[in-house]
Amino acid sequence: EGSTLTAFAKELEMEVRDLEQVLANLGESLASSEDAVPTDVMELVGLELNVDIAVTPDLNADVKELVRRRGVVAVMGHVDHGKTTLLDSLRKTSVAAGEAGGITQHIGAFVVELPGGNGSLTFLDTPGHAAFSAMRQRGASATDVAVLVVAADDGVMPQTREAAAHIQAAGVPMVVALTKIDRENADPQRVKGEIVSMGIELEEFGGKVQCVPVSAIAGEGLRELEECLVLEAESLELMTSLTGKVDGVVLEAKLDKGQGPVATGLLKAGTLKVGSHVVVGNQYGRVRSLRNGAGDSLTHIGPAEPFELVGLKGVPSAGDSITMVHSESRAKRICEARAEREAALKSASAEPAPSQSEVNPEERGHLNVIVKADVQGTAEAVRDALLGLSTDAVGLKVVFMGVGAITESDLNLSAAIGAPVLGFNVREPPNSIAKMAKQKGVRIVRHRVIYHLLDEVGEMLTGLAPMEE
Ligand code: GDP
């Protein structure tokens, strides 16, 4: 778990003894610098130093531990095109529904087992892309494969395009479900033509995207759709570790009168156990009970198995990440640090904008920025995303875009034109650069999650915040 203290210090471009000091301040210590830093402690350090640390479990660490996991599927498409009906029909083929009485609890997702051991799927139970994009904004996409629902009697509509754009932006493979195929006025050929015109390359026309005609009402095409989805998921070779770091996402959460905060979710990796300490977004707690969709009480839960969790001290939000930590005190500190960081971000953005007389009228309503990213493709994507933040009131201009670490020449340019330096997926600059930035009054903003960067720049645009922090 995690990396050694030496490696972590290197990643942070810090001296080992400085990092040891940071750890000591957090009440943590390691016997030797070759000891692994637990991932939850890495996160604490990140919060303390105000850097985003990509704490991803090293799935290659122990190949023996890796197991295949089933794919998670989201259903999206235009309103009234049959998403809910399709999910209802699919749910009837689910494991829980097959059990006594077929009573299923709504826990945000359900599992379908194909007959004959031909694979299984987890379907997210809330149709529409609102939940899907909420999760992506938190960098916690739970979806492996998406179903784009298009009604055969209606065709491509505005929300069909929107859903398709979301799916493509997430880089998630898609299967088209041509619904309401039983309707008299269904015109599958015309609708397929519209789908192709949207830039979706259907298999029938030489592309890679499968299109399955279904009638949720007549129960036709459901098995074919499931088989298609299993194949898509299999081709992704989704692997996970049952013993590594717990990594999951909240699907839904609420306050229950009897049980207190209740969250439903899915894990991408690891095994969550009753009795363990968890941090869920800004909330923490000890897992008091876990249930599956059939309402069974479980002692532990693995990846892609939807569950309901009781035991948190507060109600988290959909899309929040779920991690397991070693102790309650650590869980509490991570939450406190997260809350502090959020408060700091809020108060920074709430600082009064300079009064009109202080702002050079030339500068008003305009923000220049410098973009640095790890690779050219990313830099371009970041630039495009940033340009999308421009409004009539405030324009944004990317005056320089480059690849690699933030350098002295970036700072010089930045100081000369009063543009913040936006680093995406770039290393923390060494102390010398950080000092120089301070001297020159240059603002450096670094993130590893695009939405965090966009949020911060969005706040700058809103207030046209001064350059100095
Ligand atoms: P959503 O808004 O996309 O979730 O759409 P719904 O699932 O609520 O479906 C909208 C309407 O289409 C409802 O009246 C459904 O009964 C009807 N519908 C959905 N699927 C089918 C289908 O396969 N065949 C027929 N004939 N009607 C369907």
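Every value quoted in this text rests on a predicted model; they were computed, and no experiment measured them. (Residues numbered from 1 in each chain as written. Predicted model: local features only at pLDDT ≥ 70, side-chain atom pairs only at ≥ 80, totals over all residues. Heavy atoms only, no water.)

Novice: Even after reading the chapter, I still don't get the UniProt feature "coiled-coil region" (unreviewed entry) in the protein, so can you show me in this structure?
Specialist: According to UniProt, the positions carrying the feature "coiled-coil region" (unreviewed entry) are residues 9-36. Spanning residues 9-36, this segment combines 46% helix with 0% strand, and its end C-alpha atoms are found 12 Å apart. (UniProt positions renumbered as here; feature names shortened; annotations may be inferred. Helix = DSSP H or I, 4+ residues; strand = E, 2+ residues; numbered from the N terminus.)

Novice: Honestly, the pairing of strand β5 (residues 145-151) in this entry has me stumped. Any pointers?
Specialist: A regular strand places its side chains so that they alternate between the two faces of the sheet. Judged by how many residues are buried, β5 sits mostly within the fold: seven of seven residues are covered. Taking every second residue as pointing to the same face, both faces of β5 are buried, with Val 145, Val 147, Val 149 and Ala 151 on one and Ala 146, Leu 148 and Val 150 on the other. The sheet contact formed by strand β2 (residues 71-77) and β5 spans five bridges and is parallel. Its bridge partner lying in β5, Val 73 is registered against Val 145. Pairing between β5 and strand β6 (residues 174-179): six bridges, direction parallel. Within the sheet, the bridge partner assigned to Ala 146 lies in β6 and is Met 174. Between β5 and its parallel partner β6, the chain crosses via helix α7 (residues 158-170), and the hand of that crossover is right-handed. (Buried < 20%, exposed > 50% of the residue type's maximum accessible area, 1.4 Å probe, protein only. Pairing = 2+ DSSP bridges. Right-handed = clockwise from strand over helix to strand, strands pointing away.)

Novice: How do you make sense of the packing of aromatic side chains when you look at a structure like this?
Specialist: Applying the stated criterion across every chain yields a total of one aromatic pair. Aromatic side chains Phe 110 and Phe 123 sit 5.5 Å apart centroid to centroid with 25° between the ring planes, which places their arrangement in the stacked category. Residue Phe 110 is found in strand β3 (residues 109-113), and its partner Phe 123 is found in strand β4 (residues 120-124); the two are separated by 13 residues along the sequence. Comparing Phe 110 with Phe 123 shows no difference in burial state: the two are buried. (Phe/Tyr/Trp six-rings, centres within 6.5 Å; stacked < 30°, edge-to-face > 60°.)

Novice: Explain the site of the ligand to me, please; I cannot follow it from the model alone.
Specialist: Close contacts around the ligand come from 14 residues, with Asp 80, Lys 83, Thr 84, Thr 85 and Asp 182 the closest. At 3.4 Å, a side-chain N or O of Arg 183 approaches a nitrogen atom of the ligand. For the ligand, whose accessible area on its own is 580 Å², the fraction buried by protein is 76%. A per-class count over the shell around the ligand returns three nonpolar, six polar and five charged. (Near = heavy atom within 4 Å. Polar contact = N/O pair within 3.5 Å; in protein donor to acceptor, adjacent residues only side chain to side chain. Areas by Shrake-Rupley, 256 points an atom, 1.4 Å probe, with all protein chains shown as cover. Nonpolar A, V, L, I, M, F, W, Y, C, P; charged D, E, K, R; others polar.)

Novice: Looking at this structure, how should I read unusual backbone geometry?
Specialist: Phi is mostly negative for residues that are not glycine, and the peptide bonds are mostly trans. Despite not being glycine, Lys 180 shows a phi value in the positive range, around 60°. Among the secondary structure elements, Lys 180 is positioned in the loop between β6 and α8 (188-197). Of note in this structure, Asn 425 is not a glycine but carries a positive phi near 60°. Along the chain, Asn 425 falls in the loop between β20 (421-424) and α13 (431-440). On the basis of relative accessible area, Asn 425 is assigned to the partly exposed category, the value being 29%.

Novice: I would appreciate a short explanation of a negative patch on the surface in the present structure.
Specialist: Residues Asp 182, Glu 220, Glu 224 and Glu 227 make up a contiguous surface patch of negative charge. Here Asp 182 is to be found in the loop between β6 and α8. In this structure Asp 182 comes out as partly exposed when scored by relative accessible area, which is 44%. (Patch = residues over 30% accessible without salt bridge, like charges linked within 9 Å, V, L, I, M, F, W, Y side chains within 5 Å. Salt bridge = Lys/Arg side-chain N within 4 Å of Asp/Glu carboxyl O. Lys, Arg positive; Asp, Glu negative; His and termini not counted. Charge placed at Lys NZ, Arg CZ, Asp CG, Glu CD.)

Novice: Can you walk me through the pairing of strand β13 (residues 283-291) in this structure?
Specialist: In this sheet, β13 lies alongside strand β12 (residues 277-280) in antiparallel orientation, the contact comprising four bridges. The partner of His 277 across the bridge, within β13, is Arg 286. Hairpin remark: β12 followed by β13, antiparallel, with two residues in the connecting loop; positive phi at Gly 281, about 60°. Bridge count between β13 and strand β16 (residues 307-312): four bridges; the pairing is antiparallel. Opposite Arg 291, over in β16, you have Glu 308 as the bridge partner. Where β13 and strand β14 (residues 297-298) come together, two bridges link them in antiparallel fashion.

Novice: Got a minute to help me understand the state of the cysteines in this structure?
Specialist: A covalent bond between the sulfur atoms of two cysteines is what we call a disulfide. Inspection of the entire model under this criterion finds zero disulfides. Cys 211 carries a free sulfur, and the closest cysteine sulfur to it, the one in Cys 228, is 9.1 Å from it. Classification of Cys 211 as partly exposed rests on a relative accessible area of 21%. (Disulfide = S-S within 2.5 Å.)

Novice: Help me understand helix α4 (residues 83-92) in this model?
Specialist: Along an α-helix, residues three or four apart share an orientation, since each turn contains 3.6 residues. Of all the residues in α4, the buried ones are Lys 83, Leu 86, Leu 87, Ser 89 and Leu 90. With its buried residues spanning 160° around the axis, α4 presents them on a single face. Buried residues belonging to α4 abut β2, β3, β4, β5, β6 and α9 (222-235). (Arc of directions from axis to C-beta. Contact = heavy atoms within 4.5 Å.)

Novice: Could you clarify how one ought to interpret the sheet that holds β6 in this entry?
Specialist: The pairing of strands in a sheet happens through backbone hydrogen bonds and is either parallel or antiparallel. The sheet built from six strands is open, its strands ordered β3-β4-β2-β5-β6-β7 with mixed pairing. Each end of this open sheet is capped by a strand with a single partner; those strands are β3 and β7 (211-213). With strand direction ignored, the average angle separating the axes of adjacent strands in the sheet is 30°. α4 contacts β2, β3, β4, β5 and β6 of the sheet and is inclined by roughly 150° relative to β2. (Axes fitted to C-alpha atoms, helices over the stretch in contact; angles between N-to-C directions.)

Novice: How should the sheet that holds strand β18 (residues 366-373) be read in this particular structure?
Specialist: Strand order in the open sheet formed by four strands is β19-β18-β20-β21, with parallel pairing between adjacent strands. Either end of the sheet is taken by a strand with one partner, and the two such strands are β19 (395-403) and β21 (444-447). Geometrically, the sheet is characterised by an average inter-axis angle of 25° between neighbouring strands, direction not taken into account. Across four bridges, the pairing between β20 and β21 is parallel. Each residue of the ladder has a partner; that of Leu 422, found in β21, is Val 445. Taken strand by strand, helix α11 (residues 376-387) contacts β18, β19 and β20, and its axis lies near 175° from that of β19.

Novice: Hey, could you run me through the side chain of Asn 292 in this one?
Specialist: Within the secondary structure, Asn 292 is located in the loop between β13 and β14. A residue is classified by how much of its surface remains accessible, and Asn 292, at 18% relative accessible area, is buried. Within the structure, the side chain of Asn 292 is placed 3.0 Å from the backbone nitrogen of Asp 296, a separation counted as a polar contact. Among residues more than four places away in sequence, those in contact with Asn 292 are Gln 105, Ile 107, Leu 298 and Pro 306.

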